[in-house]
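Below, each chain spelled out in residue letters.
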Amino acid sequence: MHAHPSSRFLFNTPDIELWPAALLRARSNRDARVLSLATQVLRRKRDGAYLAAVLPDGIVGLMPRWQREAGIDDALDLLDAGALRAPRAPAPDLPVSQVEARLEALGLDADAYAARTGLALVAEPAWLTFAGVDRYRRPLWLEARTARAWQGLHAAAARDGVTLDAVSGYRSHDYQLGIFDRKRARGLSLDAILAVNAAPGYSEHHSGCALDISAPGEPPADDSFDATAAFAWLTRHAPGHGFTLSYPRDNPHGIVYEPWHWRYRSAID
Ligand SMILES: [Zn+2]
């Protein structure tokens with residue numbers, strides 16, 4: 001019998017995430033029955049597929065051959081280790097060797113890309129904290145201190161009559177690779193994709209320490225955000241909460257100006 005694990009954490013392995021079942025939408029009637037009894041769901045990171053659910057009396061497969069899924073042993077080890085109930089802060093980083101191998105498979109010269117952009121590979125944390133929901137009512141996952149800081153920032157803005165919307169927080173290497181897979185399947189070249197998407201492994205979103213912010217009625221990830229009252233408020237108050245703009249105008253990485261993208265750096269970093 002499994003004790004009920006905490007429902008406020010996403011536990012991470014290189015290929016598979018363990019989600020609190022209560023935060024997932026059922027995609028079929030069978031899923032709905034299983035999910036209503038489950039504590040955790042094992043999700044393939046590349047496409048979000050539900051592989052299996054953890055019920056009080058055992059694991060129920062949600063896909064054929066889920067036991068042979070790449071990386072399944074790492075995910076099952078986490079369940080066995082009881083690590084889900086008491087994650088130790090700060091979360092350790094997962095190794096980056098897998099994303100390095102996949103960049104090579106994509107045909108991306110990682111060294112040249114890093115040299116050109118001045119960006120480094122960003123590791124994923126071993127677990128993330130539920131930080132509320134984003135503007136689309138999806139769970140917002142962030143690194144633990146970042147989650148706390150974001151909630152403080154959001155509340156402080158609200159007291160000043162400013163509504164901040166989270167648009168996107170943590171994103172995995174595999175999620176970003178999935179974007180590349182889909183665009184290449186549509187015939188886009190690697191260079192064409194890189195012109196609008198960061199290479200998998202090189203986004204600050206992988207760390208769970210960065211999030212994209214918008215305001216009600218504003219389009220996500222748009223330059224126009226810098227003309228809003230929300231942006232003016234952030235410029236003045238975000239640094240006091242540990243958040244800084246990662247890509248201001250004329251940043252040394254050659255990344256376009258991103259007034260929506262903020263990164264948490266605590267005072268001790
Ligand atoms: Zn961003």
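Residues numbered from 1 in each chain as written. Predicted model: local features only at pLDDT ≥ 70, side-chain atom pairs only at ≥ 80, totals over all residues. Heavy atoms only, no water.

In this section: the packing of aromatic side chains. Enumeration over the complete set of coordinates arrives at 8 aromatic pairs. Seen in terms of ring centroids, phenylalanine 225 and phenylalanine 231 are 5.9 Å apart; in terms of plane orientation they differ by 75°. Their pairing is edge-to-face. The exposure class of phenylalanine 225 is buried, given its relative accessible area of 1%. Given the relative accessible area of 11%, phenylalanine 231 is considered buried. Here the basic side chain of arginine 27 rests over the ring of tyrosine 50, its NZ or CZ set 4.0 Å away from the ring centre. Taking NZ or CZ as reference, arginine 43 lies 4.8 Å from the ring centre of tryptophan 19, over its face. (Phe/Tyr/Trp six-rings, centres within 6.5 Å; stacked < 30°, edge-to-face > 60°. Buried < 20%, exposed > 50% of the residue type's maximum accessible area, 1.4 Å probe, protein only. Lys NZ or Arg CZ within 6 Å of the ring centre and 35° of its normal.)

A few words on the pattern of salt bridges. Under the counting rule described, the total for this entry stands at 12 salt bridges. Salt-bridge contacts for arginine 135 lead to aspartate 165; the nearest nitrogen and oxygen are separated by 3.2 Å. Taken together, the residues arginine 135 in the loop between strand S6 (127–133) and strand S7 (139–142) and aspartate 165 in strand S8 (residues 165–168) connect sequence positions 30 residues apart. Notably, a salt bridge pairs aspartate 212 with arginine 171, separated by 3.9 Å at the nearest N-O pair. (Salt bridge = Lys/Arg side-chain N within 4 Å of Asp/Glu carboxyl O. Helix = DSSP H or I, 4+ residues; strand = E, 2+ residues; numbered from the N terminus.)

Strand order in the open sheet formed by 4 strands is S8-S9-S11-S10, and the pairing between neighbours is antiparallel. Of all the strands in the sheet, just S8 and strand S10 (243–245) have a single pairing partner and so form its edges. The sheet shows a mean angle of 45° between the axes of neighbouring strands, taken without regard to direction. Two elements, S10 and strand S11 (residues 261–264), share 3 bridges in a ladder whose sense is antiparallel. Among the inter-strand pairings, phenylalanine 243 is bridged to a residue of S11, identified as tyrosine 264. Together, S8, strand S9 (210–214), S10 and S11 form the strand contacts of helix H5 (residues 144–159), whose direction differs from that of S10 by roughly 85°. (Pairing = 2+ DSSP bridges. Axes fitted to C-alpha atoms, helices over the stretch in contact; angles between N-to-C directions. Contact = heavy atoms within 4.5 Å.)

Our next topic: the domain arrangement of the protein chain. Per the domain assignment, the segments making up the protein chain are domain 1 (5–80) and domain 2 (99–267). One C-alpha centre belongs to domain 1, the other to domain 2; they are set 26 Å apart. Facing 14 residues of domain 1, the contacting portion of domain 2 comprises 18 residues. Each partner contributes to the roughly 1400 Å² buried at the junction of domain 1 and domain 2, and carbon and sulfur atoms together form 51% of this total. Looking at the side of domain 1 facing domain 2, the largest losses of area belong to Leu10, Asn12 and Arg46, adding up to 43% of the total buried there. At the surface where domain 1 touches domain 2, the tally comes to 3 salt bridges. Of the charged contacts, one joins glutamate 124 and lysine 45 as a salt bridge, the two residues approaching to 2.6 Å between their closest N and O atoms. Those elements that place two or more of their residues in the side of domain 1 that touches domain 2 are strand S1 (9–12) and strand S2 (16–20). No other element matches the 4 residues that S1 contributes to the side of domain 1 that touches domain 2. Looking at the side of domain 1 that touches domain 2 residue by residue, the classes come out as 7 nonpolar, 1 polar and 6 charged. (Domains from an automatic or database assignment. Buried area = accessible area lost by both parts, 1.4 Å probe. Nonpolar A, V, L, I, M, F, W, Y, C, P; charged D, E, K, R; others polar.)

Two numbers describe how helix H3 (residues 97–106) lies on helix H6 (residues 173–185): the axes approach to 11 Å, and their chain directions differ by 10°. It follows from the interaxial angle that H3 and H6 lie roughly parallel. Residue-level inspection shows Val99, Arg102 and Leu106 of H3 in contact with H6, the latter providing His173, Asp174, Leu177, Phe180 and Arg184. When grouped by side-chain class, the residues that make up the contact of H3 with H6 number 4 nonpolar, 1 polar and 3 charged. (Parallel < 35°, antiparallel > 145°, perpendicular 65-115°, else oblique.)

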